[in-house]
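# A look at the structure
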Amino acid sequence: MFTKVMTCAALLLSVLPFVARSDAAQDEFVASNILAIFYHELGHAVIDVMDVPIFGQEEDAADVMAVLLIDWLFEEETAQAIAYDSAFGYLNEADHDGEIAWWDLHGPDEQRFYNHVCLFYGGNPEARDDLAADLGLPDERAETCPEEYDLAADSWGMVFDEMDRAGQGEPMTFIPGTEKGSAFVNDILGEEVGRMSEDIALPARIEVRVEACDEANAFYDPEERSIIFCSEFVDHLRDLFDSSFE
């Protein structure tokens, strides 16, 4: 399976040497959410280029793949830090306007939050019990989380095995943004795309781009086979950190 990487603090120091230490907590939060969002969009790309059959909503499947990558790519301390911080990313829309878009392709944000926490907790319940408690996972749901994790791991396992064949397919490519505010996300995604490309290969080349979109967003474009991460997302995540932890 994929190569696991270092602890959270060391990971951020390696890709963000210019970060002011006084802003470390906010930077770690933003970095964790950038990675989780990227893994979600990568899920859409993998479903597309590998013709992965999906029974249910594709958005749910991409959420599941993101959690599994957090669990499988990182050592325990780092995985917990990323999972904890990125869980709050699902609460942004609900906190901002107080309305649930029942018509949306995505499930309700609160439900995505609990699914995220449950699935990650289910991957290693003994080590992640405190995390689940801190994030308010009810005991009734926690009982089923190991089974939910096993089902998800079995479902995605064969797909990951196909991806885990470096040199037998197309690596991802990264195109950094040039707009103001792109440096942070460039460093995070540039490092991650390069690292993942050493371990995995896909049947078609996927381009990962950072660019201005006039909105805080990230999405997969199936026509261009590109993952677009909008540079405006960084400021949005910093605002989310301020509203969630201060």
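Anything mentioned here points back to the structure above.
Residues numbered from 1 in each chain as written. Predicted model: local features only at pLDDT ≥ 70, side-chain atom pairs only at ≥ 80, totals over all residues. Heavy atoms only, no water.

### A word on the sheet that holds strand β2 (residues 207–211)
Ordered in space as β1-β2-β4-β3, the four strands form an open sheet in which the pairing is mixed. Edge positions in the sheet fall to β1 (173–175) and β3 (218–221), since each has one partner strand and no second. Sheet twist, expressed as the average angle between the axes of neighbouring strands with direction ignored, equals 20°. (Pairing = 2+ DSSP bridges. Helix = DSSP H or I, 4+ residues; strand = E, 2+ residues; numbered from the N terminus. Axes fitted to C-alpha atoms, helices over the stretch in contact; angles between N-to-C directions.)

### Considering the state of the cysteines
Taken as a whole and judged by the stated rule, the model has two disulfides. Here C118 pairs with C145 through a disulfide, and the sulfurs are 2.0 Å apart. Handedness of the C118-C145 disulfide follows from its S-S torsion of about -120°: it is left-handed. Of the two residues, C118 sits in helix α6 (residues 109–122) while C145 sits in helix α9 (residues 145–163), which places them 27 residues apart along the sequence. Residue classification places C118 among the buried residues on the basis of a relative accessible area of 0%. Paired through a disulfide, C213 and C230 show a sulfur-sulfur distance of 2.1 Å. An S-S torsion of about -95° defines the bridge between C213 and C230 as left-handed. In this pair, C213 sits in the loop between β2 and β3 while C230 sits in strand β4 (residues 226–230), placing the two residues 17 residues apart along the sequence. (Disulfide = S-S within 2.5 Å. Buried < 20%, exposed > 50% of the residue type's maximum accessible area, 1.4 Å probe, protein only.)

### As for the environment of V52
In this fold, V52 is placed in the loop between α2 (24–49) and α3 (58–73). By relative accessible area, which is 15% here, V52 ends up buried. Each C-alpha atom, one on V52 and one on W156, is 9.3 Å from the other, the two residues being 104 residues apart in sequence. When sequence neighbours within four positions are dropped, the list of residues in contact with V52 reads V46, I47 and V159. (Contact = heavy atoms within 4.5 Å.)

### Quick look at the packing of aromatic side chains
Per the stated rule, a full pass over the model turns up nine aromatic pairs. For the pair F38 and Y39, a centre-to-centre distance of 5.8 Å together with 45° between the ring planes defines the contact as tilted. Residue class for F38 comes out buried when judged on its relative accessible area of 1%. Look at Y39 and you get buried, because its relative accessible area is 0%. Between F113 and Y114 the ring centres are 5.0 Å apart and the planes differ by 85°, which places this aromatic pair in the edge-to-face class. Overall, F113 belongs to the buried group, its relative accessible area being 6%. A residue is classified by how much of its surface remains accessible, and Y114, at 33% relative accessible area, is partly exposed. Ring-pair connections join several aromatic residues into one group, and the members of that group are Y84, F88, F113 and Y114. (Phe/Tyr/Trp six-rings, centres within 6.5 Å; stacked < 30°, edge-to-face > 60°.)

Just distances and angles here, no functional claims.
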